[in-house]
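# Close look at the chain arrangement
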Amino acid sequence: MLKIVSVVLPTYNEKANIEKTVEKVFEQEKNLPGFEINVVIADDIRSSDGTEQIAKELTKKNKRVHFIKVEPGLGVGLIKGHQYALDNLHPSILAQLDADGQVEPDVLVRLVGAIEDGYSLAIGSRFVSGGKNKLSFIRRLFTYGASAFFRIMVGPCDIKEVTNSARALTPALFKKINLEKLPWREQTFIVQPAFLHEAILAGATYKEVPLVFKNRLEGYSKNKVFNYTYDVITYCIDASLNKLGIHVRFFYITRRIKTLVKFSLVGFVGTMVDFLFYKIFINFFLLTPAMSKGFSAEIAIVNNFILNNYWTFRYRKTKTNIWQKFGIFNLVSFGGLLIGVLIVKFLHMTYGDGFVYPFGRHVAYNNFYFFATIPPVMLWNFLINHLVTWRNQED
Ligand SMILES: Nc1nc2c(ncn2[C@@H]2O[C@H](COP(=O)(O)OP(=O)(O)OP(=O)(O)O)[C@@H](O)[C@H]2O)c(=O)[nH]1
Ligand SMILES: [Mg+2]
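Residues numbered from 1 in each chain as written. Chains lettered and ligands numbered in written order. Predicted model: local features only at pLDDT ≥ 70, side-chain atom pairs only at ≥ 80, totals over all residues. Heavy atoms only, no water.

## A short note on the coordination of the magnesium ion (ligand 2)
Within the first shell, the magnesium ion (ligand 2) binds the protein through Asp100 (OD) and Gln102 (OE1), at distances of 1.8 to 2.0 Å. Across the pair, exposure class does not vary: Asp100 and Gln102 are buried alike. (Donors = N, O, S within 2.8 Å, 3.2 Å for Na, K, Ca; no water. Buried < 20%, exposed > 50% of the residue type's maximum accessible area, 1.4 Å probe, protein only.)

## Remarks on the site of ligand 1
Around ligand 1, 21 residues are found, and the nearest of them are Glu14, Asp100, Gln102, Arg216 and Ser221. Interatomic distance of 3.0 Å between a side-chain N/O atom of Arg46 and an oxygen atom of ligand 1. Asp100 places a side-chain nitrogen or oxygen 2.6 Å from an oxygen atom of ligand 1. Within the residue set of the shell around ligand 1, elements represented by two or more residues are strand S1 (3-11) and strand S2 (35-44). (Near = heavy atom within 4 Å. Polar contact = N/O pair within 3.5 Å; in protein donor to acceptor, adjacent residues only side chain to side chain. Helix = DSSP H or I, 4+ residues; strand = E, 2+ residues; numbered from the N terminus.)

## Describing the nonpolar core
One finds Leu121, Leu169 and Leu173 to be the most contacted residues of the largest nonpolar core, which totals 43 residues. Dropping the residues within four chain positions of it, Leu121 is found in contact with Ile115, Ala168, Leu169, Leu173, Leu196, Ala199, Ala204, Thr205, Tyr206 and Lys207. Counting 34 residues, the second largest nonpolar core, distinct from the first, contains Leu58, Ile93, Leu97 and Leu108. (Core = buried A, V, L, I, M, F, W, Y, C linked by side-chain atoms within 4.5 Å. Contact = heavy atoms within 4.5 Å.)

## Some details on the sheet that holds strand S5 (residues 121-125)
With mixed pairing, 7 strands are arranged side by side in an open sheet as S3-S2-S1-S4-S7-S5-S8. Edge positions in the sheet fall to strand S3 (65-70) and strand S8 (206-210), since each of these pairs with one other strand and no more. Across the sheet, the mean angle separating the axes of adjacent strands is 20 degrees when strand polarity is ignored. Here 9 bridges tie S1 to S2, and the two strands are oriented parallel to one another. By the bridge assignment, Pro10 is partnered in S2 with Ala42. Docked against the sheet, helix H2 (residues 51-61) engages S1, S2 and S3, running at close to 150 degrees with respect to S3. Against the sheet, helix H4 (residues 107-116) contacts S1, S2, strand S4 (93-96), S5, strand S7 (167-169) and S8, and its axis sits at roughly 155 degrees relative to S8. (Pairing = 2+ DSSP bridges. Axes fitted to C-alpha atoms, helices over the stretch in contact; angles between N-to-C directions.)

## Points about the pattern of salt bridges
Throughout the structure, instances matching the rule amount to 18 salt bridges. We note a salt bridge from Lys181 to Glu198, for which the minimum N-O separation is 3.3 Å. Taken together, the positions of Lys181 in the loop between helix H6 (171-176) and helix H7 (191-201) and Glu198 in helix H7 put the pair 17 residues apart, joining distant regions of the chain. For Glu198, a relative accessible area of 4% corresponds to the buried category. The structure contains a network of salt bridges with shared partners spanning Asp43, Glu52, Lys56 and Lys69. (Salt bridge = Lys/Arg side-chain N within 4 Å of Asp/Glu carboxyl O.)

## Thoughts on the pairing of S4
Remark: a regular strand shows side chains that alternate across the two faces of the sheet. Burial along S4 is two-sided: Ile93 and Ala95 facing one way and Leu94 and Gln96 facing the other are all buried. Across 4 bridges, S1 lies against S4 in parallel orientation. Counted as the bridge partner of Ser6 is Leu94 from S4.

## What to know about helix H3 (residues 74-88)
The terminal C-alpha atoms of H3 lie 21 Å apart, and with 15 residues this matches the ideal 21 Å at 1.5 Å per residue to within 8%. Here H3 has its buried residues at Leu74, Gly75, Val76, Gly77, Leu78, Ile79, Gly81, His82, Ala85 and Leu86. Following H3 by one or two positions, His90 adopts a phi angle in the positive range, close to 50 degrees. (Expected span 1.5 Å × (residues − 1).)

## Re empty space enclosed by the protein
Inspection of the entire model under this criterion finds 1 cavity of 30 Å³ or more. Looking at the largest cavity, its volume works out to about 320 Å³. Lining the largest cavity are 23 residues, with Thr271, Asp274, Asn304, Val377 and Asn381 positioned closest to its centre. Among the secondary structure elements, those contributing two or more residues to the lining of the largest cavity are helix H10 (258-283), helix H11 (289-312), helix H12 (322-351) and helix H13 (365-389). Ranked by the residues each element gives to the lining of the largest cavity, the list is headed by H13, at 7 residues. Looking at side-chain class alone, the lining of the largest cavity contains 11 nonpolar, 10 polar and 2 charged residues. (1 Å grid on protein atoms, 1.4 Å probe; cavity = no way out; pocket = protein on both sides within 12 Å on 5 of 7 lines; lining within 4 Å. Points joined across faces, edges and corners; volume = space filled by probe spheres on them. Nonpolar A, V, L, I, M, F, W, Y, C, P; charged D, E, K, R; others polar.)

## Focus on unusual backbone geometry
Cis geometry is found at the peptide bond from Gly155 to Pro156, where omega equals -5 degrees. Within the secondary structure layout, Pro156 lies in the loop between helix H5 (137-153) and S7. With phi around 55 degrees, Arg249 is a residue other than glycine that occupies positive phi space. Positive phi values are uncommon outside glycine, yet Leu286 reaches one of about 55 degrees.

## Remarks on the side chain of His66
Its location among the elements puts His66 in strand S3. Setting aside residues no more than four positions away along its own chain, His66 makes contact with Asn38, Val39, Val40, Ile41, Thr59, Tyr84 and Leu89.

## Structural notes on the domain arrangement of the protein chain
Splitting the protein chain by domain gives domain 1 (3-135 + 158-219) and domain 2 (258-389). Computed from C-alpha atoms alone, the centre-to-centre distance between domain 1 and domain 2 is 49 Å. (Domains from an automatic or database assignment.)

## Re the pairing of S2
Counting buried positions along S2 yields 9 of 10 residues, so the element is predominantly enclosed. In this fold, the crossover linking S1 to S2 by way of helix H1 (residues 18-27) has right-handed handedness. Relative to S3, S2 runs parallel, the two being bridged by 6 bridges. Its bridge partner being in S3, Asp44 is matched across the sheet by Val70. Once you follow S2 into H2 and on to S3, the crossover reads as right-handed. (Right-handed = clockwise from strand over helix to strand, strands pointing away.)

## Thoughts on the packing of aromatic side chains
Using the criterion set out here, one finds 19 aromatic pairs in the structure. Where Phe174 meets Phe195, the ring centres are 6.5 Å apart and the plane angle is 35 degrees; that geometry is what we call tilted. On the criterion of sequence distance, the pair formed by Phe174 in helix H6 and Phe195 in helix H7 is long-range, its members being 21 residues apart. Look at Phe195 and you get buried, because its relative accessible area is 4%. Of the aromatic side chains, those joined through ring pairs into one cluster are Phe275, Tyr278, Phe370 and Phe371. Sitting above the plane of the Phe213 ring, Arg126 keeps its charged end 4.4 Å from the centroid. In this structure, Arg249 is placed above the aromatic ring of Tyr252, and the distance from its NZ or CZ to the ring centre is 4.3 Å. (Phe/Tyr/Trp six-rings, centres within 6.5 Å; stacked < 30°, edge-to-face > 60°. Lys NZ or Arg CZ within 6 Å of the ring centre and 35° of its normal.)

If you want it as structure tokens, here you go:
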């Protein structure tokens, strides 16, 4: 009796790649004596490019190709794909690969080999001998950074590759994984490192096998590197809090309030810029604190506009062009600027120019005037930009 290895191929608009990938996966069978390959294509319901039609044709031509339609998200594709295989195909090994031809399917032979050697989890890796990462500099930096951060914060230290999907595992291990804790329904690639983490908590014995990752054959990337970075950082913090016995669902919460977190970070950077110029205007141009605050606040406004437009609210669809947005941003931020100037003016008039001497250092009063403006101005800025400048106008 041949043993079955099921290979899940998650797809989201992969019409140009799916046929070729399936063909290449089946080609591996000759190098897997004793095994029969079954493919499960888990196509995202948002796929609109005809992937479904091509995949369905493939299922007609080959009974060992299976097709399911799944809710949005890479994690949903992978998990539902494995669940389908377990329910319908009696697999001895569960495997998964990208469907875009980036990874040569011959990695399947090495993944299956590791499971045959007794490991319960095999990880395709660009970082072991024979592995290669042929992506752009930014992508390589991300892969490396994510891996380092994951190993330090979450561990184990000896896993080198945490952010790709080429893996194989035993059904027994899959069933032990706590899907309640795994954020597999989130629309992000975080399922890649998170799945590893949960598998290890479930007692996985693992081995990395070499993998060459090149640029995708056709189609476009669904990987949003900046969002993914954010998710990796918050997931790792969450996991290390868990290790300390603190269960606050940090990952989920920070995902829900992501816009606010980004906006606050921009606000923080803007405040540094504001403060820097405030001090320059006071100390080098000898302007009054209130006037310095007026100029420095305007510089910070430009800084914040650029960061918010190209980062915080990048994916918002608005009907206004960039100059209109900049105009509105300035107009509403002017409220914040005015609040800041008035607070500084009031405090300066009340307390004048003086110094305090904490720890033997002298600190000018005008520093405190500046910091007193931060909370009210931030509150004003967030509310007004949330409600006006970047209001979603998709309809
Ligand atoms: N079902 C499903 N599949 C997805 C989703 N996002 C990505 N995929 C598939 O998962 C695989 C990996 O996605 P890619 O967009 O190639 O991500 P990547 O390989 O990190 O990025 P590139 O290097 O630019 O290709 C591909 O086969 C995609 O079609 C999704 O939301 N749902
Ligand atoms: Mg890809």
